[in-house]
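Residues per chain, in single letters:
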Amino acid sequence: MAPTAAAPPNVLLIYTDDVGFGDVGCYEGSRTPTPNIDRLAAEGLRFTDAHCSAATCTPSRYALLTGQYAFRKKGTGIASGDAGLVIDPDTVTMADLLKTAGYTTGIVGKWHLGLGEGGNDWNQEVRPNPADLGFDHHFLMPATGDRVPCVYFEDGRVVGLDPDDPIEVSYRKRIDSSPSGKEARDTLRQDWSHGHNSTIVNGVSRIGWMTGGEAARWVDEDMADVFTRQALEFLGAAAGQTRDEGLRKPWFLMFSTHDIHVPRLPHSRFEGASGQGPRGDAMVQADWCVGELLAFLDAKGLNEETLVLFASDNGPVLDDGYRDDANELLGEHDPNGPFRAGKYSRFEGGTRTPFLVRWTGPVAPGTVSEALFGQIDLAATLARAAGVDLPAGACPDSRDALDALLGVDPIGRPHLVHEAGDLALRQGSWKLVPPGNTRVGLGPWGSFTAGEHGALFDLSADPGELSDLAPDEPERLEAMRALLSRIREQPDGGR
Ligand code: NG6
Ligand code: CA
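Residues numbered from 1 in each chain as written. Chains lettered and ligands numbered in written order. Predicted model: local features only at pLDDT ≥ 70, side-chain atom pairs only at ≥ 80, totals over all residues. Heavy atoms only, no water.

Draft legend 1. Layout of the overall build of the protein. Counting its secondary structure elements, the protein contains nine helices and 22 strands. Its C-alpha radius of gyration of 22 Å places the protein within 12% of the 23 Å reference for a compact globule of 495 residues. Seen along its three principal axes, the alpha-carbon backbone of the protein occupies a region of about 65 × 60 × 40 Å. Across the 495 residues of the protein, 61% fall into the buried class. (Helix = DSSP H or I, 4+ residues; strand = E, 2+ residues; numbered from the N terminus. Rg over C-alpha atoms; globule rule 2.2 N^0.38 Å. Buried < 20%, exposed > 50% of the residue type's maximum accessible area, 1.4 Å probe, protein only.)

Structure below.
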């Protein structure tokens, strides 16, 4: 059994965007300097077989916060910038659970789970929002950096909006006659390669149409600084709070970076920091943010009472729609480490991502775990660490994996689903990719087609998923197909 601390820990969940297994310095394949993130590995536990639940953002974040695989819920594909809130406010979320346990809860950074009822009037309060999902405070980028509206959103409202310059957003039709990224391509600060050619904001064209809100529009290069400042403000206020009885009131902060998603436009002080162009420089910027948060914990003496988690929402991608030389400047760097493919793929590179756990005391420093770990389990696991029970039916796919999280259980989950359009299944070291296409590479794309019965890989001998053993292992293939069918029908295949 994992050692449990006397008091529930604060939880700092650092959730990065499109960061691959090899994008962090302390992982195999990396050539990017990330000393602050590496410090979490040196002072804690580094997982080598940990997974987000899906190979794109919205379903991955849905599963993280609800403890329910996204394939069970319609409308959890990549959300547009004017989508309604994807999580039903009645759903018990990770934030609800921690709030019940007495935590002050907050989220700063990328959201991408929809807001309001959809098709919102961004000039009013937009409900429902994360306040309806257990977050006491939110300061967000509503969708992605490459989707309108390009404004910050705090506690239900657009930040810094001039009422005389209202915002309008549409994903259906063009709203005004200002030149698009297609028409004024030669004026762009960063050119697009596919999609991303509608409204121009700050010299970069985006997905979707937007007018107005000039004063509220973000400056891409300042975004990491803005989020870090907001996070430190939240932490500063939360760390000083006590409960009625004079006890420390724990806090939960999800710090959700825009880095290293496109458009990659890090602050000029990071230019050239990686030698890999904007993609690597954005990673160095993310590492700087982590350093600022860790310095706060150091200064306040909070390392022994704070569980720090570092994770990513999906695997890596190079050209994701802008010409930022991510392919050309890659050099020896391996964004997916030894694994195949990345973002959008059912291969391991789609979901096997960096995962670091630091909790000074309960977690031994400088350790490595090969346990199969799924972010799907974080909701139930954090509830356990916080000392609250899951209400009946809550977080149905989420299991208490505290023993694995703290490095006591070396095996982890018996099975785990990956989602990328369709599903794939891990069981021990075996991997089933059911029939259909999935992406290979890190963009530009090719695709792999798993035949009539699906493909089967033994990752212990073939981590790169190159030898399809389906013809040699008919019984295992059948057993895994049956298990996946059961899991599709009911959580954990009925346990
Ligand atoms: C895709 C976008 C891609 C990225 C992705 C979402 C195009 C051609 N591609 O549709 O650039 O925004 O959606 O990424 O528009 S995620 O990490 O938020 O899931
Ligand atoms: Ca992502």
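Draft legend 2. Highlighting the coordination of the calcium ion (ligand 2). At 2.2 to 2.7 Å from the calcium ion (ligand 2) lie its protein donor atoms, namely D17 (OD), D18 (OD), D313 (OD), D313 (OD) and N314 (OD1). Each of the six donor atoms bound to the calcium ion (ligand 2) contributes to angles spanning 50 to 172 degrees, and the resulting shape is irregular. (Donors = N, O, S within 2.8 Å, 3.2 Å for Na, K, Ca; no water. Tetrahedral: all angles 85-135°; square planar, octahedral: opposite > 155°, others 65-115°.)

Draft legend 3. Representation of the domain arrangement of the protein. As far as domains go, the protein holds domain 1 (10-158 + 218-405), domain 2 (168-211) and domain 3 (415-489). Tallying the contact residues gives 25 residues for domain 1 and 21 residues for domain 2. Of the roughly 1,900 Å² buried between domain 1 and domain 2, counting both surfaces, carbon and sulfur atoms make up 52%. Linking domain 1 with domain 2 are three salt bridges, by the criterion used here. (Domains from an automatic or database assignment. Contact = heavy atoms within 4.5 Å. Buried area = accessible area lost by both parts, 1.4 Å probe. Salt bridge = Lys/Arg side-chain N within 4 Å of Asp/Glu carboxyl O.)

Draft legend 4. Quick look at the environment of R61. Mapped onto the secondary structure, R61 falls in helix 2 (residues 57-66). We classify R61 as buried; its relative accessible area is 1%. In this structure the C-alpha to C-alpha distance between R61 and S312, which are 251 residues apart in sequence, comes to 9.8 Å.

Draft legend 5. Highlighting the site of ligand 1. Ligand 1 sits among 19 residues. The nearest are C57, D146, R147, D320 and K343. At 3.0 Å, a side-chain N or O of H196 approaches an oxygen atom of ligand 1. If ligand 1 stood free it would expose 450 Å²; the protein chains cover 84% of that surface. Of the residues belonging to the shell around ligand 1, the class tally is five nonpolar, seven polar and seven charged. (Near = heavy atom within 4 Å. Polar contact = N/O pair within 3.5 Å; in protein donor to acceptor, adjacent residues only side chain to side chain. Areas by Shrake-Rupley, 256 points an atom, 1.4 Å probe, with all protein chains shown as cover. Nonpolar A, V, L, I, M, F, W, Y, C, P; charged D, E, K, R; others polar.)

Draft legend 6. The arrangement of the side chain of N197 in detail. Tracing the sequence through the fold places N197 in the loop between strand 8 (168-170) and strand 9 (200-201). Judged by its relative accessible area of 16%, N197 is buried. Leave out the neighbours within four places in its chain, and N197 touches S180, G181, K182, W192, S205 and R206.

Draft legend 7. Structural detail: the nonpolar core. In this structure, M94, W111, F252, F255, L309, F355 and L405 are the most contacted members of the largest nonpolar core, which totals 105 residues. When residues in this core are grouped by element, the largest group, nine residues, is from helix 5 (residues 278-300). The two domains that each donate at least three residues to this core are domain 1 (10-158 + 218-405) and domain 2 (168-211). If we ignore the near neighbours within four places in the chain, the residues touching M94 are L13, L64, L65, F252, L378, A379 and L382. (Core = buried A, V, L, I, M, F, W, Y, C linked by side-chain atoms within 4.5 Å.)

Draft legend 8. Examining the packing of helix 1 (residues 35-42) against helix 5 more closely. Where helix 1 contacts helix 5, the two axes come as close as 7 Å, and the packing angle between them is 55 degrees. Judged by the angle between their axes, helix 1 and helix 5 are oblique. Of helix 5, the residues touching helix 1 (which contributes P35, N36, I37, R39 and L40) are M283, D287, W288, V290, G291, L294 and D298. Looking at the contact of helix 1 with helix 5 residue by residue, the classes come out as seven nonpolar, two polar and three charged. (Axes fitted to C-alpha atoms, helices over the stretch in contact; angles between N-to-C directions. Parallel < 35°, antiparallel > 145°, perpendicular 65-115°, else oblique.)

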